[in-house]
Amino acid sequence: MIDMIDRRILLEISDDLNIHEDIFGEISGRVGISKDELLNRLTRMQNEGILKRISPVIKHYNAGYVANAMVVWDIEDNERQMIEKLAKSNENISHVYERERRENWPYNLYTMIHGQNAEEVTHIVDELSRKIGNKAYRILYTKKQWKKTSPDMKYYLSAE
Amino acid sequence: MTTLERQVLNEIQKGIPLVEQPFLVIGERLGISEAEVIDTIDSLKSKDYIRRFGGIVDVNKLGIKSTLVAMKVDENDLDRVASIISEYKGVTHNYERDDAYNLWFTLMERSQEELEEKIGEIKRKTEVEEILSLPATYKHKTNVFFRFK
């Protein structure tokens, strides 16, 4: 659980931070706590899984990853562990989620795959497909990003 | 991208250490100075490789409910529909994809009720008939990492 100070911290670090030697000193000053307390709270929230990390969010398209696809699969229960293992060891796969199937949409596994070109993406998909022995997939390339942003913490953490 | 920029970007993507001088620690790992790390990050920002430098929060751990929504939108109506969806604060990703289900967006709200209310509202406003809400049932991996060689 988080308290009011944690909320203030999460709001502060959700902005684009100024990068300098005393980055945590600046944040703790804004929140009105000591730097030690800030680091303790950040570490605690990281251990609890609330804070994944403090890092850059990369504009991967600008940085050369121009082929990005959501690949959806219709998998059997006994293929789940295999998929998980393969996906975890592949840096080009960022997200692997299971979702319920729908009447006109028989897919229950979603993988986000990023490549420097379309061949790289299809190569990864082919390899995954071959290793798990499953060809029931569909590749949905990104055509246009209408919106991509981080969750607006002010929207979620403002007083109820 | 310079070699130094690639090295720094690969290293900081894993998250900076939560210590007094995180960029000093990053520099030690790479064999460069604290100032060089900071200058390189500034340069990566100015070259527009970085959208934001900050905390990555798992909002689901804070009780927020989320779903992925797929829509079949008439090609000629895509601009209008996509614009309506992007206006929602709870929408973080709104992508056009090359499929019959051609518009995909993520929606996050503070409760399940709010989530369903917003989906209903989007249906009414956009008048799109084919819409699927696909909440995650299990997350195997969420780890965005781009290796720069």
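As the structure is a computational prediction, the values presented were derived from the model and not from experiment.

### Observations regarding the domain arrangement of chain A
Working step 1: In terms of domains, chain A is made up of domain 1 (4-57) and domain 2 (67-141).
Working step 2: For domain 1 of chain A and domain 2 of chain A, the distance between their C-alpha centres works out to 35 Å.

### Describing the confidence of the model for chain B
Working step 1: Taken residue by residue, chain B gives an average pLDDT of 95. The fraction at 70 or more is 100%.
Working step 2: Across the interface, the model reports ipTM at 0.90; the global pTM reads 0.90.

### Here we look at the sheet that holds strand S3 (residues 91-97) of chain B
Working step 1: With respect to topology, 9 strands assemble into an open sheet ordered S5(B)-S2(B)-S4(B)-S3(B)-S5(A)-S2(A)-S4(A)-S3(A)-S6(B), the strand pairing being antiparallel. Among the strands making up the open sheet, the edge pair consists of strand S5 (131-133) and strand S6 (136-142) of chain B. With direction set aside, neighbouring strand axes in the sheet form an average angle of 25°.
Working step 2: As defined by bridge partners, strand S3 (residues 93-99) of chain A adjoins strand S4 (residues 109-115) of chain A across 5 bridges and the pair is classed as antiparallel. Across the sheet, the residue bridging to glutamate 98 of chain A is leucine 109 of chain A, located in S4 of chain A.
Working step 3: Sheet strands touched by helix H5 (residues 112-126) of chain B: strand S2 (65-71), strand S4 (103-109) and S5 of chain B. Its angle to S4 of chain B, the strand with the most contacts, is close to 145°.

### Side note on unusual backbone geometry
All names here are of chain B.
Working step 1: In this model, aspartate 48 sits at a positive phi of 65°, which is unusual for a non-glycine residue.
Working step 2: Mapped onto the fold, aspartate 48 is located in the loop between helix H3 (34-46) and strand S1 (50-57).
Working step 3: A count of 10 C-beta atoms within 10 Å places aspartate 48 in the exposed class.
Working step 4: The phi dihedral of glutamate 127 falls on the positive side, at around 60°, and the residue is not glycine.
Working step 5: Examined against the element boundaries, glutamate 127 turns out to sit in the loop between H5 and S5.

### Quick word on the interface of chain B and chain A
In many analyses, interface size is given as the accessible surface area lost on bringing the parts together.
Working step 1: At the junction of the two partners, chain B supplies 61 residues and chain A supplies 63 residues.
Working step 2: Broken down by secondary-structure element, the contributors of at least two residues to the side of chain B that touches chain A are helix H2 (22-30), H3, S1, helix H4 (78-86), S3 and S6 of chain B.
Working step 3: It is S1 of chain B that provides the largest number of residues to the side of chain B that touches chain A, a total of 8 residues.
Working step 4: When its residues are assigned to classes, the side of chain B that touches chain A shows 30 nonpolar, 13 polar and 18 charged.
Working step 5: Relative to S3 of chain B, strand S5 (residues 137-148) of chain A is paired through 5 bridges, and the arrangement is antiparallel. Counterpart to threonine 142 of chain A in the pairing with S3 of chain B is arginine 97 of chain B.

### Notes on helix H5 (residues 118-132) of chain A
Residue and element names in this part refer to chain A.
Working step 1: Between its first and last C-alpha, H5 extends 21 Å over 15 residues, near the 21 Å set by a 1.5 Å rise per residue.
Working step 2: Among all positions of H5, only Val121, Ile124, Val125 and Leu128 are buried. End-on, the buried residues of H5 take up no more than an arc of 95°, which puts them together on one face. Turned more than 90 degrees away from the buried face of H5 sit Glu119, Asp126, Glu127 and Arg130, all of them exposed.
Working step 3: Taken together, the buried residues of H5 touch strand S2 (67-73), helix H4 (80-88), S4 and S5.
Working step 4: Among the residues trailing H5, glycine 133 stands out with phi positive, at a value near 65°.

### Comments concerning the nonpolar core
Considering soluble globular proteins, one finds that nonpolar side chains tend to be buried as a cluster.
Working step 1: Leu10 of chain A together with Val57, Ile85, Leu103, Phe105 and Leu107 of chain B are the most contacted members of the largest nonpolar core, which has 52 residues in total.
Working step 2: A per-element tally of this core places S4 of chain B first, with 5 residues.
Working step 3: Contacts of leucine 10 of chain A, omitting those with residues within four sequence positions, involve Met153 and Leu157 of chain A together with Gly55 and Val57 of chain B.
Working step 4: The next biggest cluster of nonpolar side chains, apart from the first, holds 18 residues, and it includes Met70, Ile124, Val125 and Leu140 of chain A.

Cut-off values and rules
- Residues numbered from 1 in each chain as written.
- Chains lettered and ligands numbered in written order.
- Predicted model: local features only at pLDDT ≥ 70, side-chain atom pairs only at ≥ 80, totals over all residues.
- Domains from an automatic or database assignment.
- pLDDT = per-residue confidence, 0-100.
- Pairing = 2+ DSSP bridges.
- Helix = DSSP H or I, 4+ residues; strand = E, 2+ residues; numbered from the N terminus.
- Axes fitted to C-alpha atoms, helices over the stretch in contact; angles between N-to-C directions.
- Contact = placed C-beta atoms within 7 Å.
- Buried ≥ 20, exposed ≤ 12 C-beta atoms within 10 Å, placed from the backbone.
- Nonpolar A, V, L, I, M, F, W, Y, C, P; charged D, E, K, R; others polar.
- Expected span 1.5 Å × (residues − 1).
- Arc of directions from axis to C-beta.
- Core = buried A, V, L, I, M, F, W, Y, C linked by C-beta atoms within 7 Å.

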